[in-house]
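Here is how the chains run, residue by residue.
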Amino acid sequence: MHHTIVMTGASRGIGRVAAQHILCQSPNVHLLVVARGSSGARLADELGAGGHAVSHVVADLGSLERVRSAATEIHDRLERGELPPLRGFVGNAGIQHTNALTEGPDGFESTFAVNVLANHLFVRLLQDRFTAPARIVITTSDTHFGDFKHNMGMVPGPAWKSPDVLARTGAFPRPHTMAAGRTAYSTSKLATIYLVHEYARRLPAGIDTVAYNPGFVPGTGLARNANPISRFTMRRILPVMTLTPFATSRNAAGRCLAEVVLGTIQAPTGSYIDRNRVDRSSEESYDPQREGELWQAAQRFTAAWLPGQARSQMT
Ligand SMILES: NC(=O)c1ccc[n+]([C@@H]2O[C@H](COP(=O)([O-])OP(=O)(O)OC[C@H]3O[C@@H](n4cnc5c(N)ncnc54)[C@H](OP(=O)(O)O)[C@@H]3O)[C@@H](O)[C@H]2O)c1
């Protein structure tokens, strides 16, 4: 049956490969890509070549106002029957800054805004449009473990604090440093797992949520804001590691993401999928108290961008 999958982060890297696989493997999918600037139209044209059903909505996910307007447009198109039923949301967009001082237009720290709040607002605003069975996939990261085994010391582990602190700039020591920016990143990825656990408890039966970990995937645009040496290493040297079990190629990571999105990889709601199999995330990532607090805070942070009836859902 024809259905719609909404996807962020499809313009490049892992998401670009995944989008192509989703369309090739599932001819019944209408893929609606959310991308910033003029990249969305170009992306939809390129992905749609060969007759695939692809459309786009423009949004910079660093702005909750832009997320609201994109989600509302998608919601209205679904309601008017211009799109087939919604059966998937893929929150794959992600960002890593070189400091913890980058503030978005709503006053939130940008890593937290893009990696956590944008997904939360999409889920809230589209919640009443999902048709079961549906799957929400949020891309997380090995860095949430915070140990050497999972990131070879490249990214500091998460440093959990009250969500009111994490959501703002300067949440970590020496906030102008790359270490603080990367701590914001790993902490935001821990937050995505907390929210997946909370969604699994709160969303209606048949609307499943999973967290997807692609492993370390060198050669994508994720380190594009880093200094020239880090960028060179990420682009030219570390890709060699994809020949070892310590890293995943962009193609393999994208293919796995597509399989997670399409349900080829089966997993109960609330699962953590490490590449292509269900696994346990870090011990720290199972914490109902933090999960509840983060969910409450995310509800509060995004409340101003909700219409009245959506405010009362998912409570
Ligand atoms: N690479 C790794 O080692 C690795 C490991 C674990 C998890 N991940 C996660 O995998 C996901 C994909 O990352 P990637 O490695 O493929 O990196 P990437 O090549 O940089 O892709 C990131 C995607 O997110 C989009 N994005 C970022 N900020 C945005 C914003 N403000 N508004 C709209 N779109 C935005 C980018 O769009 P633009 O083209 O407009 O920038 C791009 O499509 C991320 O969630 C990342 O955290 C990556």
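Residues numbered from 1 in each chain as written. Predicted model: local features only at pLDDT ≥ 70, side-chain atom pairs only at ≥ 80, totals over all residues. Heavy atoms only, no water.

(A) Representation of unusual backbone geometry in the model. Here the residue pair Ala 132 and Pro 133 is connected by a cis peptide bond, since its omega of -5° sits within 30 degrees of zero. By the element assignment, Pro 133 lies in strand E5 (residues 130–139). (Helix = DSSP H or I, 4+ residues; strand = E, 2+ residues; numbered from the N terminus.)

(B) A look at the site of the ligand. Taken together, 29 residues sit near the ligand, with Ser 11, Tyr 185, Val 217, Thr 220 and Arg 224 positioned nearest. The contact in question runs from an oxygen atom of the ligand to an N or O atom on the backbone of Asn 92, over 2.8 Å. About the coverage of the ligand: the protein hides 96% of its 890 Å² of free accessible area. For the shell around the ligand, the secondary structure elements donating two or more residues are helix H1 (13–25) and helix H7 (178–202). For the shell around the ligand, the per-class residue count stands at 12 nonpolar, 12 polar and five charged. (Near = heavy atom within 4 Å. Polar contact = N/O pair within 3.5 Å; in protein donor to acceptor, adjacent residues only side chain to side chain. Areas by Shrake-Rupley, 256 points an atom, 1.4 Å probe, with all protein chains shown as cover. Nonpolar A, V, L, I, M, F, W, Y, C, P; charged D, E, K, R; others polar.)

(C) View of the packing of aromatic side chains. One pass over the structure, following the stated rule, counts five aromatic pairs. Relative to Phe 301, the ring of Phe 108 lies with its centre 5.2 Å away and its plane at 55°, an arrangement referred to as tilted. Residue Phe 108 is found in the loop between strand E4 (86–91) and helix H4 (110–126), and its partner Phe 301 is found in helix H10 (residues 288–302); the two are separated by 193 residues along the sequence. Phe 301 shares its class with Phe 108; the two are buried. Here the aromatic rings of Trp 160 and Tyr 194 are separated by 4.9 Å at their centres, their planes lie at 85°, and the arrangement is edge-to-face. (Phe/Tyr/Trp six-rings, centres within 6.5 Å; stacked < 30°, edge-to-face > 60°. Buried < 20%, exposed > 50% of the residue type's maximum accessible area, 1.4 Å probe, protein only.)

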